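Listed below are the residues making up each chain.
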Amino acid sequence: MQRLRRRLRLAGAAATAACCSVLYGAPDAAAQDLVPVRGRVLEAGAGVPVGGATIVVRGQTGGGSVTAADGTWLLLLPAGLHDLTVQHLSYAGADVRVSAGDTTGVTVRLTPRPMSLDQLVVTASRRPQQLKDVPVATEVVGRREIERSGASDLSAVLVERTGITAEGGHPVGEGLMLQGLSSERVLVLVDGQPFIGRISGGLDLSRIPAAMIERVEVVKGPQSTLYGSEAMGGVVNVITRAPEPGSVWAGRLGVTGGSHDRLDVAGNALGSIGTAAFAVDAGRRTIELVPGHAGDAGTFATRWDGGARVQWQAAPSLSWHAGVLLLDESQRWKSGALYNFTDNVQWGGRVGAAYTRGGHRLTPAVYATEFRHLSRRSTLPQPTDAASDETEVQRLAEAELLYGYAADRFALEAGVEARRESIHSDRVAGEDRVLHTVEPFAQATASGDAWSVVPGMRLSWSEQWGAHFTPRLAAMLRPTEQLALRASVGRGFRAPSFKELYMEFLNASAGSGYRVQGNPELQPETSFNVGASGEWNGERIYSRVQLFYNRFDNFIEARQASSDGGLTLYVYGNVDDGETYGAEFELGTSWRGLQAEAGYGWLAAYDRATGEVLLGRPAHSARASLTYALPFGLRSSMSATRIGATPVSRTDDAAIVNRDALTRLDLRIAQNLPRGLELAVGLDNVFDATSDGYSGHLGRQLYLSIDWSQ
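Residue positions are given per chain, counting from 1 as you read along its sequence in written order. Per-residue local features of the predicted model are confined to residues with pLDDT of at least 70, and side-chain atom pairs are confined, for both listing and counting, to 80 or more; whole-chain, interface and lining totals are unaffected and use all residues. By convention in this description, side-chain values take in all heavy atoms of the structure and omit both hydrogens and water.

Draft legend 1. Structural context of the overall build of the chain. For helices the rule is a DSSP run of H or I covering at least 4 residues; for strands it is a run of E covering at least 2, with both sets numbered from the N terminus onward. Scanning the chain from N- to C-terminus turns up five helices and 42 strands. For 710 residues, the compact-globule estimate of 2.2 N^0.38 gives 27 Å, and the chain sits close to it at 27 Å. Based on the C-alpha atoms only, the size of the chain along its principal axes is roughly 105 × 50 × 50 Å. Per-residue burial over the chain gives 48% buried out of 710 residues. Contact definition: two residues touch when any of their heavy atoms are within 4.5 Å. Of the contacts formed within the chain by residues at least 6 apart in sequence, a portion of 59% connects residues at least 24 apart. Taken over C-alpha atoms, the radius of gyration is set against a globule rule of 2.2 Å times the number of residues to the power 0.38. Relative accessibility under 20% of the residue-type maximum defines a buried residue, over 50% an exposed one, and the middle range a partly exposed one, all with a 1.4 Å probe and only protein chains included.

Structural data, given as structure tokens:
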């Protein structure tokens with residue numbers, strides 16, 4: 001392998017020399033004055049090679065060099081001193097003076113930009129775009145940040161971001177809230193496809209392992225124009241590790257152990273054979289805690305996960321892709337004298353193609369997924385009575401046909417999605433229900449040198465609740481290369497769930513009890529949103545401010561309908577109207593191996609009819625992080641999050657009961673070792689901060705991990 005790499009470097013050097021000889025003249029008397037100049041580009045602080053950086057001679061038009069994967073470069077220049085400029089979109093530029101013929105070589109160290117605008121994202125427009133060009137503000141959590149956090153799952157990754165609030169599920173689980181809209185109104189995608197498995201409206205994000213995530217894209221505010229129902233509060237798109245045709249094989253294996261008998265084992269392999277590329281992930285996670293449950297008495301959670309992706313470049317204009325995701329988990333926790341047990345099995349599969357011709361692109365795809373949920377209770381630490389079993393099976397099948405067109409000043413994304421959703425549940429009237437939906441949509445982009453305007457619309461039709469129209473208009477202005485201004489106005493909606501439509505549940509006991517009943521006459525929830533953001537991205541500092549306003553109507557809740565003989569009846573209805581508004585501020589900077597970030601979020605949420613504050617939404621939240629890397633492979637990081645006092649209930653006289661504010665500090669130190677090894681130790685919640693009623697276990701946790709990558 002080393003011999004092969006050496007040959008590739010020599011071949012690259014020869015090619016560069018040939019290009020330079022063409023640039024500076026043929027091999028005659030003038031060419032004899034050209035002498036080689038070699039160097040290497042490294043990341044400041046960490047000292048890792050920087051590939052893809054450009055090396056140009058100042059004052060010279062054309063020519064130059066590009067660094068190889070190991071950071072090396074070669075130029076042929078006339079004898080004497082030359083001023084070079086080194087540039088990379090992800091790093092601050094640097095100038096260096098070299099002497100042609102100096103055999104020692106020159107090393108250039110580039111400082112990473114606090115925000116990389118050249119990375120490709122897909123969520124904001126359903127097509128690949130550089131982050132700097134997206135019409136709505138998009139936050140990206142990359143692989144490096146995920147590894148630095150030491151998190152084992154998606155929920156632990158996201159709760160450290162500005163404006164994202166953790167929300168406990170029912171009975172357990174970890175969801176999230178965006179712009180004051182709860183987790184049942186936030187759409188979660190995995191590689192662009194819906195991630196199902198909501199229990200009582202909540203979606204447990206801890207089911208998605210961090211080990212298989214390449215990046216997470218978060219778009220806040222309603223995205224129903226592109227994604228339909230559930231996207232009222234925003235979209236979280238999890239992008240798994242993708243193979244590239246022609247790439248060399250690489251792999252990773254990691255083991256993490258820690259407090260509460262935590263043991264995570266995860267591995268993956270990526271590579272290609274001919275024009276086909278492959279990626280495989282597998283892992284197992286165990287811990288004596290349950291997500292969303294504040295306590296550790298009698299608790300445990302065990303998860304198995306696996307995934308595979310294939311990308312085949314059948315022809316220059318035609319590619320095929322397929323993927324599968326498998327999740328299996330078992331949980332136990334104690335409430336009172338009873339043990340509760342949950343077993344969840346989930347799978348999803350996708351097959352699609354992409355055909356391009358000129359500026360046209362056609363991408364058909366078929367997707368299917370299933371979630372099986374089994375809930376049991378017992379007075380013993382193991383299930384004993386089958387009579388307590390409650391089963392639920394959720395299924396989703398979706399076919400989509402997308403068309404895209406791109407020209408210099410205009411782009412169009414249009415498509416149609418047909419969806420079949422079904423449920424089998426002991427708590428649904430008739431036990432089995434099916435719902436069909438058809439949704440055409442279109443979004444256009446008109447752009448100039450420093451602006452873009454993006455109108456879009458979607459028409460959603462359901463056999464249950466009829467048709468719904470969701471338009472949106474977004475715009476971006478870039479007065480300078482560093483400054484971007486974005487604004488959007490649009491509508492969002494969420495269709496009623498199967499349980500809200502058809503639930504029939506009775507919980508009766510001697511002299512008391514309650515009954516919950518669905519309502520087939522429910523209409524979709526709707527929202528109106530206005531958002532604006534400003535973003536400054538310099539070479540060593542970035543800042544961003546986002547302002548938002550959401551007005552929502554017909555929110556669905558279960559309200560008391562009657563009480564007879566100790567049995568209370570609750571019926572779902574379109575009963576709530578409200579509004580949320582607020583602001584988010586972020587600031588980041590980098591200097592050599594040091595990177596620092598800070599963020600603050602302010603939120604106001606009210607019921608429009610009564611003027612009362614909405615529960616479960618903290619008015620203030622903040623975060624800060626500091627990372628430092630050294631050339632010998634040592635990296636240290638510190639992150640802090642603060643969640644302000646949160647209204648959680650009302651007394652009989654309508655007084656608000658607040659949950660105390662909570663501040664959490666996490667530390668992590670990692671050291672590179674020979675042969676691709678990395679050793680890390682971390683301490684989460686250093687000061688063992690806790691708050692009554694906060695979802696999830698927040699006690700101090702220590703962990704140790706070792707990773708191998710090649």
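The rest of the description comes next.
Draft legend 2. Seen up close, unusual backbone geometry. In this model, Q179 sits at a positive phi of 50 degrees, which is unusual for a non-glycine residue. With respect to the helices and strands, the residue Q179 is situated in the loop between strand 12 (174-178) and strand 13 (186-190). Judged by relative accessible area, Q179 falls into the buried class, the value being 8%. Despite not being glycine, N554 has its phi angle at roughly 60 degrees, a positive value. Relative to the assigned elements, N554 resides in strand 33 (residues 541-564).

Draft legend 3. Broad picture of the confidence of the model for the chain. The predictor rates its confidence in each residue with pLDDT, a number between 0 and 100. When pLDDT is averaged across the chain, the result is 88; 92% of the residues are at 70 or more. This model gives residues 1-31 a pLDDT under 50, and the stretch forms 23 contacts once residues within four places in sequence are excluded.

Draft legend 4. Layout of the sheet that holds strand 4 (residues 72-78). If you walk across this open sheet you meet the three strands as 4-1-7, and the pairing is mixed. Since the sheet does not close on itself, it has two edges, and those belong to strand 4 and strand 7 (106-110), each with one partner. Recorded for the sheet is a direction-independent mean angle of 30 degrees between the axes of neighbouring strands. Two strands pair if DSSP finds at least two bridges between them. Bridging between strand 1 (residues 34-43) and strand 7 involves five bridges; their strand directions are parallel. Bridging from a neighbouring strand, R40 pairs with T107 of strand 7. Axis lines are fitted to C-alpha atoms, over the contacting stretch for helices. Their N-to-C directions set the angle, which ranges from 0 to 180 degrees.

Draft legend 5. Representation of the side chain of R207. Within the secondary structure layout, R207 lies in the loop between strand 14 (193-194) and strand 15 (213-220). Residues scored as positive are Lys and Arg, those scored as negative are Asp and Glu, and His as well as the terminal groups of each chain are ignored. Basic side-chain nitrogens of Lys or Arg form a salt bridge, by our definition, when they fall within 4 Å of a carboxyl oxygen of Asp or Glu. No salt bridge is formed by the buried R207. Its closest oppositely charged neighbour is E329, at 4.5 Å. Nitrogen and oxygen atoms within 3.5 Å of one another constitute a polar contact, given that in protein one can donate a hydrogen and the other can accept it, and given that sequence-neighbouring residues count only through two side-chain atoms. A polar contact of 2.8 Å, which involves the side chain of R207, links it to the backbone oxygen of I196. The contact partners of R207, leaving out residues within four places of it in the chain, are F195, I196, G197, R285, R303, L327, E329, Q346 and F371.

Draft legend 6. Quick peek at the sheet that holds strand 3 (residues 65-66). With antiparallel pairing, four strands are arranged side by side in an open sheet as 3-2-5-6. The open sheet has two edge strands with one neighbour each: strand 3 and strand 6 (91-100). Pairing between strand 2 (residues 54-57) and strand 5 (residues 80-88): four bridges, direction antiparallel. Looking at strand 5, one finds that V56 is bridged to T85.

Draft legend 7. Fine view of empty space enclosed by the protein. The rule is simple: put a 1 Å grid over the protein atoms alone, call a set of points where a 1.4 Å probe fits but cannot get out a cavity, call an open set with protein on both sides within 12 Å along at least five of seven lines a pocket, and count a residue as lining if it has an atom within 4 Å of a point. Grid points are joined across faces, edges and corners, and a volume is the space filled by probe spheres set on the points. Tallying each qualifying case throughout the model produces 10 cavities of 30 Å³ or more. Its boundaries defined by the atoms lining it, the second largest cavity holds a volume of some 320 Å³. Only helix 2 (143-149), strand 17 (250-258), strand 18 (262-273), strand 19 (276-287) and strand 42 (701-709) provide two or more residues apiece to the lining of the second largest cavity. Residue polarity is assigned by list, with Asp, Glu, Lys and Arg as charged and Ala, Val, Leu, Ile, Met, Phe, Trp, Tyr, Cys and Pro as nonpolar; anything else, Gly included, falls into the polar class. Classifying every residue of the lining of the second largest cavity gives nine nonpolar, six polar and 10 charged.

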